[in-house]
Amino acid sequence: MNTPPDLRGWLPVLISKGTAGPVVEWCRFGTRRFTESFFESTVQKAMRDPFHLLFRHQTPLDTLLDWQRESPGMEPRGFIFHMSRCGSTLVSQMLAALPEHIVLSEPPPLEALLRTGKHGATDDQRIAWLRAWMSAISQPRHGEQRLYVKLDAWHIFDLPILRRAFPETPWIFLYRNPVEVMASVMKVRGMHLVQDLIDTNMPVIASPPGQRLPEAEYAARVLAAVLRAALEHLGPSGGRAIEYSRLPEAVITEIAPHFGLDLTAAQIEAMNARGPFNAKSPQLYFEPDTQSKQQEAGAEARALCAEHLDALYWQLRSL
Amino acid sequence: MAGSSTRGRGGGRLTARFMSIPLHFESGFEPFRQFVIEETALQEELAGITDREAFIARAVELGQQHGFQFQPADVEAALQAARCAWLDSMMA
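Let me sum up the structure you'll find in this document.

Rules used throughout
Residues numbered from 1 in each chain as written. Chains lettered and ligands numbered in written order. Predicted model: local features only at pLDDT ≥ 70, side-chain atom pairs only at ≥ 80, totals over all residues. Heavy atoms only, no water. Axes fitted to C-alpha atoms, helices over the stretch in contact; angles between N-to-C directions. Helix = DSSP H or I, 4+ residues; strand = E, 2+ residues; numbered from the N terminus. Parallel < 35°, antiparallel > 145°, perpendicular 65-115°, else oblique. Left-handed = near helix turned anticlockwise from the far one by under 90°. Contact = heavy atoms within 4.5 Å. Nonpolar A, V, L, I, M, F, W, Y, C, P; charged D, E, K, R; others polar. Core = buried A, V, L, I, M, F, W, Y, C linked by side-chain atoms within 4.5 Å. Buried < 20%, exposed > 50% of the residue type's maximum accessible area, 1.4 Å probe, protein only. Phe/Tyr/Trp six-rings, centres within 6.5 Å; stacked < 30°, edge-to-face > 60°.

1. What to know about the packing of helix α3 (residues 63-70) of chain A against helix α6 (residues 123-137) of chain A
Residue and element names in this part refer to chain A.
And step 1. Across the interface, α3 lies against α6 with an axial gap of 8 Å and an inter-helix angle of 55 degrees. Taken as axis vectors, α3 and α6 run oblique relative to one another. α6 is crossed by α3, and the crossing has left-handed handedness. Residue-level contacts link L64, L65, W67 and Q68 of α3 to A128, W129, R131, A132, W133, S135 and A136 of α6.
And step 2. Of the residues in the contact of α3 with α6, the class split is eight nonpolar, two polar and one charged.

2. Digging into the nonpolar core
And step 1. Formed by 132 residues in total, the largest nonpolar core has its most connected members in F55, W133, I156, F173 and M182 of chain A together with L46 of chain B.
And step 2. At 14 residues, helix α9 (residues 215-237) of chain A tops the list of elements feeding residues into this core.
And step 3. Sequence-distant contacts of M182 of chain A, that is, excluding residues within four places in its chain, are made with A216, A220, L223, A301, L304, C305 and L309 of chain A.

3. Things to note about the packing of aromatic side chains
And step 1. Scanning all chains against the criterion turns up 17 aromatic pairs over all chains.
And step 2. Arranged with centres 4.7 Å apart and planes meeting at 20 degrees, the rings of F51 of chain A and F55 of chain A form a pair that is stacked. Remark: F55 of chain A and F51 of chain A occur in helix α2 (residues 50-55); sequence separation between them is four residues, near one turn of the helix.
And step 3. In this structure F51 of chain A comes out as buried when scored by relative accessible area, which is 1%.
And step 4. Look at F55 of chain A and you get buried, because its relative accessible area is 1%.
And step 5. Aromatic pair F29 of chain B and F70 of chain B: ring centres 5.4 Å apart, planes at 85 degrees, arrangement edge-to-face. Of this pair, F29 of chain B sits in helix α1 (residues 29-37) while F70 of chain B sits in the loop between α3 (52-65) and α4 (72-91), and the two are 41 residues apart along the sequence.
And step 6. Taking the relative accessible area as the measure of exposure, F29 of chain B reaches 0% and is therefore buried.

Shape descriptors only; they carry no functional weight alone.
Structure representation (C-alpha coordinates):
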(Lines give C-alpha, C1' and ligand atoms only; values in the text may rest on other atoms or scores of the structure.)
Protein backbone atom coordinates (compact mmCIF):
# COMPACT_ATOMS: atom_id res chain seq x y z
CA MET A 1 0.00 0.00 0.00
CA ASN A 2 1.29 3.43 -0.94
CA THR A 3 0.91 6.58 1.06
CA PRO A 4 -1.44 8.65 -1.07
CA PRO A 5 -0.79 12.30 -1.79
CA ASP A 6 -3.10 14.75 -0.07
CA LEU A 7 -5.89 14.95 -2.63
CA ARG A 8 -8.43 16.81 -0.53
CA GLY A 9 -10.34 19.13 -2.84
CA TRP A 10 -9.02 17.40 -5.99
CA LEU A 11 -11.37 15.36 -8.16
CA PRO A 12 -10.50 12.67 -10.75
CA VAL A 13 -12.11 14.31 -13.76
CA LEU A 14 -10.38 12.31 -16.46
CA ILE A 15 -9.07 8.78 -16.99
CA SER A 16 -6.76 8.33 -19.92
CA LYS A 17 -4.09 6.10 -21.34
CA GLY A 18 -0.61 7.04 -20.16
CA THR A 19 2.70 5.66 -21.35
CA ALA A 20 2.83 3.15 -18.46
CA GLY A 21 -0.86 2.37 -18.19
CA PRO A 22 -4.05 4.25 -17.37
CA VAL A 23 -3.66 7.53 -15.52
CA VAL A 24 -6.01 9.74 -13.56
CA GLU A 25 -6.12 13.45 -14.12
CA TRP A 26 -6.99 15.49 -11.04
CA CYS A 27 -8.57 18.92 -11.02
CA ARG A 28 -8.90 20.95 -7.84
CA PHE A 29 -12.62 21.68 -7.91
CA GLY A 30 -12.88 23.49 -4.60
CA THR A 31 -16.57 24.01 -3.94
CA ARG A 32 -17.70 23.88 -7.57
CA ARG A 33 -20.73 21.58 -7.95
CA PHE A 34 -21.71 19.38 -10.88
CA THR A 35 -24.78 21.37 -11.85
CA GLU A 36 -24.46 21.52 -15.62
CA SER A 37 -26.46 19.07 -17.72
CA PHE A 38 -23.40 16.89 -18.31
CA PHE A 39 -20.33 16.06 -16.20
CA GLU A 40 -17.97 17.18 -18.92
CA SER A 41 -19.73 20.53 -19.29
CA THR A 42 -18.86 21.25 -15.66
CA VAL A 43 -15.26 20.19 -16.29
CA GLN A 44 -15.08 22.35 -19.40
CA LYS A 45 -16.42 25.31 -17.48
CA ALA A 46 -13.83 24.78 -14.74
CA MET A 47 -11.10 24.75 -17.38
CA ARG A 48 -11.85 28.36 -18.25
CA ASP A 49 -10.21 29.35 -14.97
CA PRO A 50 -6.42 29.83 -15.10
CA PHE A 51 -5.79 27.77 -11.97
CA HIS A 52 -7.58 24.68 -13.27
CA LEU A 53 -5.82 24.89 -16.60
CA LEU A 54 -2.36 25.15 -15.08
CA PHE A 55 -2.49 22.91 -12.04
CA ARG A 56 -4.30 19.79 -13.25
CA HIS A 57 -1.98 16.84 -12.79
CA GLN A 58 -1.83 13.11 -13.29
CA THR A 59 -1.26 10.09 -11.08
CA PRO A 60 -1.29 6.35 -11.78
CA LEU A 61 -4.74 4.76 -11.68
CA ASP A 62 -3.96 2.88 -8.48
CA THR A 63 -3.73 6.19 -6.63
CA LEU A 64 -7.52 5.96 -6.64
CA LEU A 65 -7.32 2.82 -4.50
CA ASP A 66 -4.90 4.44 -2.05
CA TRP A 67 -7.08 7.54 -1.79
CA GLN A 68 -10.20 5.42 -1.23
CA ARG A 69 -8.51 3.75 1.76
CA GLU A 70 -7.37 7.12 3.09
CA SER A 71 -10.58 9.04 2.49
CA PRO A 72 -13.61 6.89 1.58
CA GLY A 73 -16.39 8.73 -0.22
CA MET A 74 -19.95 7.71 -0.99
CA GLU A 75 -21.63 4.82 -2.75
CA PRO A 76 -24.17 5.77 -5.41
CA ARG A 77 -27.75 5.94 -4.12
CA GLY A 78 -29.24 5.62 -7.58
CA PHE A 79 -28.29 4.77 -11.16
CA ILE A 80 -30.24 6.26 -14.07
CA PHE A 81 -30.12 4.11 -17.20
CA HIS A 82 -32.06 5.23 -20.25
CA MET A 83 -33.05 4.63 -23.84
CA SER A 84 -31.87 8.09 -25.11
CA ARG A 85 -34.07 11.15 -25.69
CA CYS A 86 -36.43 10.15 -22.93
CA GLY A 87 -36.03 12.68 -20.11
CA SER A 88 -32.92 11.34 -18.35
CA THR A 89 -31.31 14.78 -18.22
CA LEU A 90 -34.48 16.22 -16.73
CA VAL A 91 -34.37 13.58 -14.01
CA SER A 92 -30.71 14.20 -13.23
CA GLN A 93 -31.19 17.97 -13.17
CA MET A 94 -34.12 17.70 -10.78
CA LEU A 95 -31.99 15.55 -8.45
CA ALA A 96 -29.14 18.05 -8.78
CA ALA A 97 -31.46 20.86 -7.63
CA LEU A 98 -30.80 19.77 -4.06
CA PRO A 99 -27.43 20.94 -2.72
CA GLU A 100 -27.06 17.77 -0.63
CA HIS A 101 -26.89 15.76 -3.84
CA ILE A 102 -23.96 15.04 -6.11
CA VAL A 103 -25.28 14.11 -9.55
CA LEU A 104 -22.85 12.89 -12.19
CA SER A 105 -24.33 12.93 -15.66
CA GLU A 106 -22.66 10.59 -18.16
CA PRO A 107 -19.17 10.99 -16.70
CA PRO A 108 -16.45 10.07 -19.22
CA PRO A 109 -14.15 8.61 -16.50
CA LEU A 110 -16.77 5.96 -15.74
CA GLU A 111 -16.93 5.06 -19.42
CA ALA A 112 -13.12 4.89 -19.59
CA LEU A 113 -12.94 2.55 -16.58
CA LEU A 114 -15.64 0.27 -17.98
CA ARG A 115 -13.64 -0.02 -21.20
CA THR A 116 -10.38 -0.99 -19.48
CA GLY A 117 -11.58 -4.57 -19.86
CA LYS A 118 -10.83 -4.25 -23.57
CA HIS A 119 -7.21 -3.51 -22.65
CA GLY A 120 -6.70 -6.47 -20.39
CA ALA A 121 -8.07 -5.41 -17.01
CA THR A 122 -9.86 -8.17 -15.12
CA ASP A 123 -13.40 -7.74 -13.85
CA ASP A 124 -12.08 -7.59 -10.28
CA GLN A 125 -9.69 -4.78 -11.24
CA ARG A 126 -12.44 -2.88 -13.01
CA ILE A 127 -14.74 -3.24 -10.02
CA ALA A 128 -12.04 -2.01 -7.66
CA TRP A 129 -11.27 0.98 -9.90
CA LEU A 130 -14.98 1.80 -10.40
CA ARG A 131 -15.54 1.78 -6.65
CA ALA A 132 -12.41 3.82 -5.98
CA TRP A 133 -13.25 6.40 -8.67
CA MET A 134 -16.78 6.74 -7.33
CA SER A 135 -15.32 7.19 -3.84
CA ALA A 136 -12.94 9.92 -4.98
CA ILE A 137 -15.41 11.85 -7.12
CA SER A 138 -18.00 11.86 -4.34
CA GLN A 139 -15.82 13.36 -1.61
CA PRO A 140 -18.20 15.80 0.09
CA ARG A 141 -17.17 19.39 -0.51
CA HIS A 142 -20.49 21.06 0.40
CA GLY A 143 -21.79 18.66 3.02
CA GLU A 144 -23.32 16.50 0.29
CA GLN A 145 -24.93 13.30 1.49
CA ARG A 146 -26.05 11.38 -1.59
CA LEU A 147 -24.57 10.45 -4.93
CA TYR A 148 -26.53 9.69 -8.11
CA VAL A 149 -25.17 8.74 -11.51
CA LYS A 150 -26.87 9.11 -14.86
CA LEU A 151 -25.18 6.71 -17.25
CA ASP A 152 -24.71 6.81 -20.99
CA ALA A 153 -27.44 5.01 -22.94
CA TRP A 154 -25.08 2.19 -23.94
CA HIS A 155 -24.17 1.44 -20.33
CA ILE A 156 -27.25 -0.76 -20.02
CA PHE A 157 -24.92 -3.36 -21.60
CA ASP A 158 -22.51 -2.86 -18.70
CA LEU A 159 -25.19 -3.27 -16.07
CA PRO A 160 -23.92 -6.65 -14.80
CA ILE A 161 -20.50 -5.32 -13.79
CA LEU A 162 -21.98 -2.12 -12.40
CA ARG A 163 -24.34 -4.26 -10.29
CA ARG A 164 -21.37 -6.32 -9.09
CA ALA A 165 -19.50 -3.16 -8.17
CA PHE A 166 -22.51 -1.52 -6.48
CA PRO A 167 -24.97 -4.28 -5.55
CA GLU A 168 -26.92 -2.09 -3.15
CA THR A 169 -27.51 0.76 -5.60
CA PRO A 170 -31.11 0.98 -6.85
CA TRP A 171 -31.55 1.76 -10.51
CA ILE A 172 -34.14 2.92 -12.98
CA PHE A 173 -34.49 2.58 -16.72
CA LEU A 174 -36.14 5.48 -18.56
CA TYR A 175 -37.86 4.79 -21.86
CA ARG A 176 -40.23 6.42 -24.29
CA ASN A 177 -42.52 5.61 -27.17
CA PRO A 178 -39.98 4.53 -29.82
CA VAL A 179 -41.66 6.55 -32.58
CA GLU A 180 -40.80 9.72 -30.64
CA VAL A 181 -37.24 8.54 -29.96
CA MET A 182 -36.68 7.63 -33.61
CA ALA A 183 -38.06 11.02 -34.71
CA SER A 184 -35.40 12.62 -32.52
CA VAL A 185 -32.45 10.40 -33.42
CA MET A 186 -33.15 10.63 -37.14
CA LYS A 187 -32.51 14.37 -36.82
CA VAL A 188 -29.55 14.20 -34.46
CA ARG A 189 -27.91 10.88 -33.70
CA GLY A 190 -26.31 9.82 -30.47
CA MET A 191 -22.76 8.51 -30.80
CA HIS A 192 -23.70 4.90 -30.06
CA LEU A 193 -26.27 5.02 -32.85
CA VAL A 194 -23.59 5.57 -35.47
CA GLN A 195 -21.98 2.37 -36.70
CA ASP A 196 -18.35 1.85 -35.58
CA LEU A 197 -18.04 5.33 -34.03
CA ILE A 198 -17.38 4.36 -30.43
CA ASP A 199 -16.31 1.24 -28.61
CA THR A 200 -19.03 -0.12 -26.35
CA ASN A 201 -20.08 -3.40 -24.78
CA MET A 202 -23.06 -3.62 -27.10
CA PRO A 203 -23.94 -6.91 -28.81
CA VAL A 204 -22.93 -7.05 -32.45
CA ILE A 205 -25.59 -5.66 -34.77
CA ALA A 206 -25.40 -7.99 -37.75
CA SER A 207 -25.37 -6.56 -41.24
CA PRO A 208 -25.34 -8.30 -44.63
CA PRO A 209 -21.80 -9.46 -45.60
CA GLY A 210 -19.81 -6.62 -47.09
CA GLN A 211 -22.55 -4.09 -46.50
CA ARG A 212 -23.43 -1.52 -43.90
CA LEU A 213 -26.95 -1.20 -42.61
CA PRO A 214 -28.82 1.96 -43.55
CA GLU A 215 -28.23 4.53 -40.81
CA ALA A 216 -31.81 4.67 -39.57
CA GLU A 217 -32.11 0.89 -39.45
CA TYR A 218 -28.84 0.62 -37.53
CA ALA A 219 -30.12 3.16 -35.01
CA ALA A 220 -33.39 1.27 -34.62
CA ARG A 221 -31.55 -1.99 -34.05
CA VAL A 222 -29.30 -0.45 -31.41
CA LEU A 223 -32.31 1.00 -29.63
CA ALA A 224 -33.92 -2.45 -29.77
CA ALA A 225 -30.79 -3.98 -28.22
CA VAL A 226 -30.95 -1.38 -25.44
CA LEU A 227 -34.59 -2.23 -24.71
CA ARG A 228 -33.88 -5.97 -24.78
CA ALA A 229 -31.02 -5.53 -22.31
CA ALA A 230 -33.25 -3.47 -20.03
CA LEU A 231 -36.00 -6.10 -20.17
CA GLU A 232 -33.46 -8.83 -19.45
CA HIS A 233 -32.24 -7.14 -16.29
CA LEU A 234 -35.32 -5.34 -14.97
CA GLY A 235 -36.88 -8.40 -13.44
CA PRO A 236 -34.00 -10.16 -11.73
CA SER A 237 -31.92 -7.08 -10.85
CA GLY A 238 -34.59 -5.05 -9.15
CA GLY A 239 -34.61 -2.03 -11.42
CA ARG A 240 -37.67 0.05 -12.15
CA ALA A 241 -38.87 1.11 -15.59
CA ILE A 242 -40.19 4.66 -15.88
CA GLU A 243 -41.81 6.01 -19.03
CA TYR A 244 -41.17 9.54 -20.31
CA SER A 245 -44.89 10.28 -20.28
CA ARG A 246 -44.85 10.06 -16.48
CA LEU A 247 -42.21 12.81 -16.15
CA PRO A 248 -41.58 15.12 -14.46
CA GLU A 249 -44.10 14.05 -11.77
CA ALA A 250 -42.59 10.56 -11.54
CA VAL A 251 -39.31 12.01 -10.26
CA ILE A 252 -41.12 12.90 -7.05
CA THR A 253 -43.69 10.13 -6.90
CA GLU A 254 -41.76 7.10 -8.20
CA ILE A 255 -38.05 7.69 -8.65
CA ALA A 256 -37.36 9.40 -5.33
CA PRO A 257 -39.03 6.63 -3.28
CA HIS A 258 -37.25 3.98 -5.37
CA PHE A 259 -33.94 5.67 -4.55
CA GLY A 260 -34.87 5.77 -0.86
CA LEU A 261 -35.31 9.54 -0.82
CA ASP A 262 -37.72 10.87 1.77
CA LEU A 263 -38.33 14.36 0.46
CA THR A 264 -39.51 17.34 2.45
CA ALA A 265 -42.01 19.80 1.02
CA ALA A 266 -39.20 22.33 0.54
CA GLN A 267 -37.08 19.78 -1.35
CA ILE A 268 -40.01 18.89 -3.60
CA GLU A 269 -40.53 22.57 -4.31
CA ALA A 270 -36.85 23.01 -5.20
CA MET A 271 -36.87 19.99 -7.50
CA ASN A 272 -40.09 21.03 -9.21
CA ALA A 273 -38.70 24.50 -9.72
CA ARG A 274 -35.89 22.90 -11.72
CA GLY A 275 -38.14 20.46 -13.54
CA PRO A 276 -40.11 22.77 -15.81
CA PHE A 277 -37.04 23.97 -17.61
CA ASN A 278 -35.54 22.28 -20.62
CA ALA A 279 -32.85 20.19 -18.97
CA LYS A 280 -30.30 20.51 -21.77
CA SER A 281 -31.02 24.18 -22.48
CA PRO A 282 -31.94 25.70 -19.10
CA GLN A 283 -32.88 28.99 -20.70
CA LEU A 284 -35.78 27.27 -22.45
CA TYR A 285 -39.00 26.24 -20.74
CA PHE A 286 -39.49 22.47 -20.69
CA GLU A 287 -42.56 21.18 -22.44
CA PRO A 288 -43.30 17.55 -23.13
CA ASP A 289 -42.86 17.17 -26.89
CA THR A 290 -44.77 13.97 -27.46
CA GLN A 291 -47.17 15.58 -29.92
CA SER A 292 -44.49 17.30 -32.00
CA LYS A 293 -42.32 14.18 -32.10
CA GLN A 294 -45.29 12.10 -33.22
CA GLN A 295 -45.94 14.61 -36.00
CA GLU A 296 -42.27 14.66 -37.03
CA ALA A 297 -41.97 10.89 -37.31
CA GLY A 298 -42.16 9.89 -40.95
CA ALA A 299 -43.15 6.64 -42.57
CA GLU A 300 -39.60 5.24 -42.35
CA ALA A 301 -39.39 5.83 -38.60
CA ARG A 302 -42.78 4.27 -38.02
CA ALA A 303 -41.93 1.23 -40.15
CA LEU A 304 -38.64 0.69 -38.31
CA CYS A 305 -40.40 0.97 -34.98
CA ALA A 306 -43.03 -1.54 -36.04
CA GLU A 307 -40.33 -3.99 -37.13
CA HIS A 308 -37.80 -3.59 -34.31
CA LEU A 309 -39.10 -1.62 -31.35
CA ASP A 310 -42.82 -1.50 -30.72
CA ALA A 311 -43.15 -5.00 -29.25
CA LEU A 312 -40.28 -4.33 -26.83
CA TYR A 313 -41.86 -1.01 -25.84
CA TRP A 314 -45.14 -2.71 -25.02
CA GLN A 315 -43.30 -5.34 -22.98
CA LEU A 316 -41.73 -2.56 -20.93
CA ARG A 317 -45.09 -0.88 -20.45
CA SER A 318 -46.57 -4.14 -19.20
CA LEU A 319 -44.03 -4.55 -16.38
CA MET B 1 -30.90 9.85 -42.32
CA ALA B 2 -29.15 12.05 -44.83
CA GLY B 3 -28.30 15.42 -43.45
CA SER B 4 -28.45 14.29 -39.84
CA SER B 5 -25.61 15.03 -37.47
CA THR B 6 -24.02 13.32 -34.52
CA ARG B 7 -25.02 14.67 -31.20
CA GLY B 8 -22.38 16.32 -29.08
CA ARG B 9 -22.88 17.79 -25.65
CA GLY B 10 -23.34 21.23 -24.24
CA GLY B 11 -19.66 21.28 -23.48
CA GLY B 12 -18.66 20.00 -26.90
CA ARG B 13 -18.16 16.29 -26.51
CA LEU B 14 -16.21 14.99 -29.44
CA THR B 15 -15.16 11.55 -28.36
CA ALA B 16 -16.50 8.96 -25.98
CA ARG B 17 -13.62 9.59 -23.61
CA PHE B 18 -10.97 12.18 -23.23
CA MET B 19 -7.37 11.53 -23.99
CA SER B 20 -4.97 13.42 -21.83
CA ILE B 21 -1.71 15.19 -22.38
CA PRO B 22 0.55 15.64 -19.33
CA LEU B 23 1.44 19.19 -18.55
CA HIS B 24 5.05 20.23 -18.24
CA PHE B 25 6.34 23.72 -18.89
CA GLU B 26 9.91 24.47 -19.93
CA SER B 27 10.33 27.57 -17.84
CA GLY B 28 10.98 28.74 -14.31
CA PHE B 29 7.26 28.45 -13.76
CA GLU B 30 7.31 24.62 -13.72
CA PRO B 31 9.07 24.19 -10.32
CA PHE B 32 6.57 26.62 -8.81
CA ARG B 33 3.70 24.67 -10.37
CA GLN B 34 4.95 21.43 -8.79
CA PHE B 35 5.40 23.25 -5.47
CA VAL B 36 1.81 24.55 -5.50
CA ILE B 37 0.41 21.08 -6.22
CA GLU B 38 1.75 20.09 -2.78
CA GLU B 39 0.63 23.24 -0.96
CA THR B 40 -3.06 23.44 -0.05
CA ALA B 41 -2.99 27.06 1.12
CA LEU B 42 -1.45 28.27 -2.15
CA GLN B 43 -3.93 26.20 -4.12
CA GLU B 44 -6.84 27.78 -2.29
CA GLU B 45 -5.57 31.29 -2.87
CA LEU B 46 -4.75 30.86 -6.55
CA ALA B 47 -7.88 28.84 -7.31
CA GLY B 48 -9.98 31.74 -6.08
CA ILE B 49 -8.59 34.12 -8.72
CA THR B 50 -10.52 33.84 -11.97
CA ASP B 51 -9.32 37.04 -13.62
CA ARG B 52 -6.39 36.13 -15.85
CA GLU B 53 -4.31 39.27 -15.27
CA ALA B 54 -4.83 39.19 -11.52
CA PHE B 55 -3.96 35.49 -11.49
CA ILE B 56 -0.71 36.04 -13.35
CA ALA B 57 0.31 38.94 -11.10
CA ARG B 58 -0.41 37.01 -7.91
CA ALA B 59 1.33 33.87 -9.18
CA VAL B 60 4.50 35.88 -9.83
CA GLU B 61 4.28 37.47 -6.38
CA LEU B 62 3.78 34.15 -4.62
CA GLY B 63 6.56 32.61 -6.65
CA GLN B 64 8.99 35.29 -5.57
CA GLN B 65 7.89 34.95 -1.95
CA HIS B 66 8.74 31.24 -2.06
CA GLY B 67 12.04 31.64 -3.90
CA PHE B 68 10.98 30.85 -7.47
CA GLN B 69 12.11 33.05 -10.33
CA PHE B 70 9.80 33.49 -13.30
CA GLN B 71 8.15 36.33 -15.13
CA PRO B 72 4.55 37.18 -16.06
CA ALA B 73 5.39 36.15 -19.62
CA ASP B 74 6.28 32.64 -18.34
CA VAL B 75 2.85 32.28 -16.73
CA GLU B 76 1.13 33.66 -19.81
CA ALA B 77 3.02 31.20 -22.03
CA ALA B 78 2.15 28.35 -19.67
CA LEU B 79 -1.53 29.33 -19.77
CA GLN B 80 -1.54 29.35 -23.55
CA ALA B 81 0.22 25.98 -23.70
CA ALA B 82 -2.15 24.53 -21.10
CA ARG B 83 -5.15 25.74 -23.06
CA CYS B 84 -3.84 24.16 -26.25
CA ALA B 85 -3.06 20.91 -24.43
CA TRP B 86 -6.57 20.81 -23.01
CA LEU B 87 -8.18 21.41 -26.38
CA ASP B 88 -5.92 18.80 -27.95
CA SER B 89 -6.95 16.38 -25.21
CA MET B 90 -10.56 16.67 -26.22
CA MET B 91 -9.94 16.27 -29.91
CA ALA B 92 -7.55 13.34 -29.61
